[in-house]
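# Coordinate analysis (summary)
In case you want the letters, here they are:
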Amino acid sequence: MTPPNQTAALTNALTRALTRALAGRYGESPAIGELREETGGASRMTWSFDVRAAAGETHGLIARVAPPAGGATVRPGPGASLAHEVALMRAAAAAGVPVPALIAAGEIEPGTEFVVMERVAGETIPRRVLRSPELSGARPRLAAQCGRILAAIHRIPSGAIPGLDAADPVATWGGVLETLGEPHPALEFALRRLRRARPPAGRAVVVHGDFRNGNLIVGPDGVRAVLDWELAHYGDPLEDLGWLCAKAWRFGAPLPVGGFGDYDDLIAAYERAGGAPVDRAALRWWELFSAFKWAVICVLQAQRHLSGSERSVELAALGRRVAENEWDLLRQVP
């Protein structure tokens, strides 16, 4: 969440910017309702609001705001700009991926960008996705839906987003571990073993980078939209499937795919929808690498709190997750 002493100034500036950006679509002087900052998300600020058009109808919208220049982010390297996120969502929609409709984009001030999209009805909180009685009919279908959606993401033309990061994630996140400035022997050991057992790389495709339970809007009919594209890059398609299957995103549920499905449903639907044949041993490797990557991210997030740069109970709590991932890696990495 944004620090309280910054909230008023930011919301005032954002309201003015939204009024300008939405004027053409909703009339000369659209009425911007109260901005409500949403929790969650490490690299973007997200605000929900209503706009009343000149004709009187009300529309529910979401504004995503990039952090000021120099702000903290968990994504090393290029490819995480808001401009890339907008381009990715447009390319994803063209490929058949369910994404919120993009409404407008602009700047609050030089260097602080925002994008406005429709507010899609549904649930994003993972524990509700996994336990809500209203979604009981959707849950058995989610793994297969995710397989089809991932196949569509991996069909996005490689030239659709110029400049998107193509760095090797193992080198990237291994490099982050080395620069943390503190010892993490369990993670160092796991990374060394993962490097030795790494499977051959698949054909490089557009990878969402954070496709998981929590970044999906789910309704009684299933997945309605895929969110949070700021970690997208070019890479091995199994990186996305392995991330979805990581233990962290099961949220205590026993099923391996997001806590809601089985490997067979995910893989069969992915392959039927045009995804490359899935080597299950390679998928398992990417699943374990995801635990390593998430552990490093948790260290980074905890450091933001401990350094005083962004005091947050949520960031502090993520520090506790490091040990959980270390334990899982020590038990499971070959």
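Predicted model, so just to flag it, every value in this text is computed and none were measured.

A word on the overall build of the protein. Within the protein, the secondary structure is distributed over ten helices and ten strands. If one aligns the C-alpha atoms of the protein with their principal axes, the spans along those axes are about 60 × 45 × 40 Å. Classification of the 334 residues of the protein by burial places 54% in the buried group. For the protein, the exposed area adds up to about 14,800 Å²; of that, 54% sits on carbon and sulfur atoms.

Along its 13 residues, helix 2 (residues 82-94) runs 19 Å from first to last C-alpha, staying within 8% of the 18 Å computed at 1.5 Å per residue. Turning to helix 2, its buried residues are Leu 82, His 84, Glu 85, Val 86, Leu 88, Met 89, Ala 91 and Ala 92. On its buried side, helix 2 packs onto strand 4 (58-65), strand 5 (102-109), strand 6 (112-118) and strand 7 (205-207).

It is worth spelling out the pattern of salt bridges at this point. Taken as a whole and judged by the stated rule, the model has 15 salt bridges. Among the ionic pairs, Arg 119 bridges to Asp 50, the shortest N-O distance being 2.7 Å. Placement of Arg 119 in the loop between strand 6 and helix 3 (126-131) and of Asp 50 in strand 3 (residues 45-52) is noted, with a sequence separation of 69 residues between them. With a relative accessible area of 33%, Arg 119 lands in the partly exposed category. Linked through salt bridges whose partners overlap, the residues forming this network are Arg 64, Glu 85, Asp 228 and Glu 230.

The next subject is the packing of aromatic side chains. Throughout the structure, instances matching the rule amount to seven aromatic pairs. Measuring from centroid to centroid gives 5.4 Å for Trp 243 and Trp 249, while their planes differ by 55°, and the two rings are tilted. The same class applies to Trp 243 and to Trp 249, which are both buried. Ring centres of Trp 285 and Trp 286 lie 4.9 Å apart, and the angle between their planes is 85°; this geometry places the pair in the edge-to-face category.

Counting buried positions along strand 9 (residues 222-226) yields four of five residues, so the element is predominantly enclosed. Both strand 8 (residues 216-219) and strand 9 contribute to a ladder of four bridges, which runs antiparallel. The partner of Ile 217 across the bridge, within strand 9, is Ala 225. Counting the residues in the hairpin turn of strand 8 and strand 9 gives two residues.

Now for the environment of Val 115. With respect to the element layout, Val 115 can be found in strand 6. In the structure, Val 115 is positioned 32 residues away from Ala 83 in sequence and 8.9 Å away in space, judged by C-alpha atoms. Apart from the residues within four sequence positions on either side, Val 115 is in contact with Ile 62, Ala 63, Arg 64, Leu 82, Val 86, Leu 102, Ala 104 and Ala 105.

Right, let's get into the nonpolar core. Counting 80 residues, the largest nonpolar core has Val 97, Phe 211, Trp 229 and Phe 292 as the members making the most contacts within it. Considering each element in turn, this core owes the most residues, 14 residues, to helix 9 (residues 280-306).

Criteria and thresholds
- Residues numbered from 1 in each chain as written.
- Predicted model: local features only at pLDDT ≥ 70, side-chain atom pairs only at ≥ 80, totals over all residues.
- Heavy atoms only, no water.
- Helix = DSSP H or I, 4+ residues; strand = E, 2+ residues; numbered from the N terminus.
- Buried < 20%, exposed > 50% of the residue type's maximum accessible area, 1.4 Å probe, protein only.
- Areas by Shrake-Rupley, 256 points an atom, 1.4 Å probe, with all protein chains shown as cover.
- Expected span 1.5 Å × (residues − 1).
- Contact = heavy atoms within 4.5 Å.
- Salt bridge = Lys/Arg side-chain N within 4 Å of Asp/Glu carboxyl O.
- Phe/Tyr/Trp six-rings, centres within 6.5 Å; stacked < 30°, edge-to-face > 60°.
- Pairing = 2+ DSSP bridges.
- Core = buried A, V, L, I, M, F, W, Y, C linked by side-chain atoms within 4.5 Å.

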